[in-house]
Amino acid sequence: MDPLEDVLSLLGVTAHLSSGMTGGGRWAVRFPPPAGVKFNVVSRGGCWLRVDDVPDPIRLREGDCYLLTRPLAFTLASDLDLPPEPAPPLFAAAVEGIARAGEGDEVLLLGGAFSFSGRVRTLLLDNLPPVLHVPAQTPEAGTVRWAVSEIDAELRRRPIAATLVAEHLAVVMLIRILRLHLAGNPSRTTGWLAGLADPIVSAALRAMHARPAYPWTVAELARSAAVSRSTLAARFKDAVGRGPLEYLTEWRIELAADRIRRGSDSVATIARAVGYGSESAFSVAFKRTTGFSPRAFRNRDAA
């Protein structure tokens with residue numbers, strides 16, 4: 001079982017495309033922190049990107065893409081020394097889906113945002129850098145440019161199952177960007193994604209994801225990775241930020257929360273399916289992790 005596929009299947013990714021933006025001459029536009037995970041493609045020309053709390057600006061060239069993983073304000077500009085104008089009025093005045101900055105249209109950006117349901121987004125995003133830059137010459141940038149154009153076509157024409165297609169395209173974009181990050185910066189990756197890049201930790205993750213209801217011990221997980229118990233415990237904690245069994249508990253609760261959201265199975269049935277011998281033990285663990293009892297979680301989600 002591929003842990004990344006497991007997590008992505010629970011994300012509930014939705015793609016939202018925003019109005020495009022053109023810029024010409026000397027211009028600078030200040031954007032508020034995005035509500036979701038922001039992405040943009042430079043379809044024409046080039047400009048600068050500066051993100052709050054990120055020390056160095058990024059030069060964007062034609063064909064480049066970027067992903068903002070955190071809700072940080074940012075500026076796009078031909079010249080970062082210019083005082084920026086606020087983005088909301090520009091986009092409110094957009095004509096035919098295009099906002100305009102400066103004089104002319106030498107630069108064209110298209111983009112939008114991802115939003116996620118559930119709590120598992122933290123596994124993917126919390127330990128990523130605030131900005132993931134995807135240079136034009138990489139295969140991943142080509143995939144992102146293609147996916148953005150296809151999402152745009154689906155959401156504009158609204159054929160049958162357009163929303164579902166757009167959501168799957170968004171997942172494709174996200175996977176390709178994460179792959180590029182893992183391939184290019186394995187030593188700088190931390191958190192759950194770092195665990196996937198570590199062959200020992202990854203073996204334990206795959207074992208837990210293949211059989212989440214099994215009563216795993218650290219010793220058994222260590223055997224699946226062909227290392228000692230102490231080696232696995234140390235490597236897992238160092239990469240993922242928590243111990244193997246703590247992670248297993250959290251993953252079981254994520255699976256249970258997804259089943260509560262999607263179906264009508266009883267709490268007892270769900271408890272057994274994710275490896276708990278009693279409903280009461282499951283309810284205690286569920287509330288400790290989510291802050292809600294299983295029934296309160298179901299009622300809140302239904303509301």
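Because the structure is predicted, anything quoted here is derived from the model rather than measured.

## Side note on helix 9 (residues 229-240)
Thinking step 1. In this model helix 9 runs 16 Å from its N-terminal to its C-terminal C-alpha over 12 residues, within 8% of the 16 Å that 1.5 Å per residue would give.
Thinking step 2. What helix 9 keeps buried is the set L232, F236, A239 and V240. Buried positions in helix 9, seen along its axis, are confined to an arc of 75 degrees and lie on one side of it. Of the exposed residues in helix 9, those oriented more than 90 degrees away from the buried face are S230 and D238.
Thinking step 3. Immediately downstream of helix 9, the backbone of G241 shows phi near 90 degrees, a positive value.

## Things to note about the side chain of T290
Thinking step 1. In this structure, T290 sits in helix 12 (residues 279-290).
Thinking step 2. At 3.1 Å, the side chain of T290 and the backbone oxygen of F292 are in polar contact.

## What about the pairing of strand 7 (residues 65-68)?
Thinking step 1. Alternating residues of strand 7 divide into C65 and L67 and Y66 and L68, and every residue in both groups is buried.
Thinking step 2. Where strand 4 (residues 37-44) meets strand 7, 4 bridges bridge the pair, whose relative direction is antiparallel. Pairing of K38 across the sheet is with L68, part of strand 7.
Thinking step 3. Of the pairings in the sheet, the one linking strand 7 to strand 12 (residues 131-134) comprises 4 bridges and is antiparallel in character. Counterpart to Y66 in the pairing with strand 12 is H133.

## What about the sheet that holds strand 8 (residues 74-77)?
Thinking step 1. Spatially, 5 strands are ordered 6-5-8-3-9 in an open sheet, and the strand pairing comes out mixed. The open sheet has two edge strands, strand 6 (58-60) and strand 9 (85-86), and neither has a second partner.
Thinking step 2. Two elements, strand 3 (residues 28-31) and strand 8, share 4 bridges in a ladder whose sense is antiparallel. Bridge pairing in strand 8 places R30 opposite T75.

## Comments concerning the pattern of salt bridges
Thinking step 1. Throughout the structure, instances matching the rule amount to 8 salt bridges.
Thinking step 2. Among the salt bridges present, the one from D258 reaches R262, with a minimum N-O distance of 2.5 Å. Of this pair, D258 and R262 both sit in helix 10 (residues 244-262), 4 residues apart, which is roughly one turn of the helix.
Thinking step 3. Residue R262 is classed as exposed on the basis of its relative accessible area of 59%.
Thinking step 4. Residues joined in a network through salt bridges with shared partners are D258, R261 and R262.

What counts as what
Residues numbered from 1 in each chain as written. Predicted model: local features only at pLDDT ≥ 70, side-chain atom pairs only at ≥ 80, totals over all residues. Heavy atoms only, no water. Helix = DSSP H or I, 4+ residues; strand = E, 2+ residues; numbered from the N terminus. Expected span 1.5 Å × (residues − 1). Buried < 20%, exposed > 50% of the residue type's maximum accessible area, 1.4 Å probe, protein only. Arc of directions from axis to C-beta. Polar contact = N/O pair within 3.5 Å; in protein donor to acceptor, adjacent residues only side chain to side chain. Pairing = 2+ DSSP bridges. Salt bridge = Lys/Arg side-chain N within 4 Å of Asp/Glu carboxyl O.

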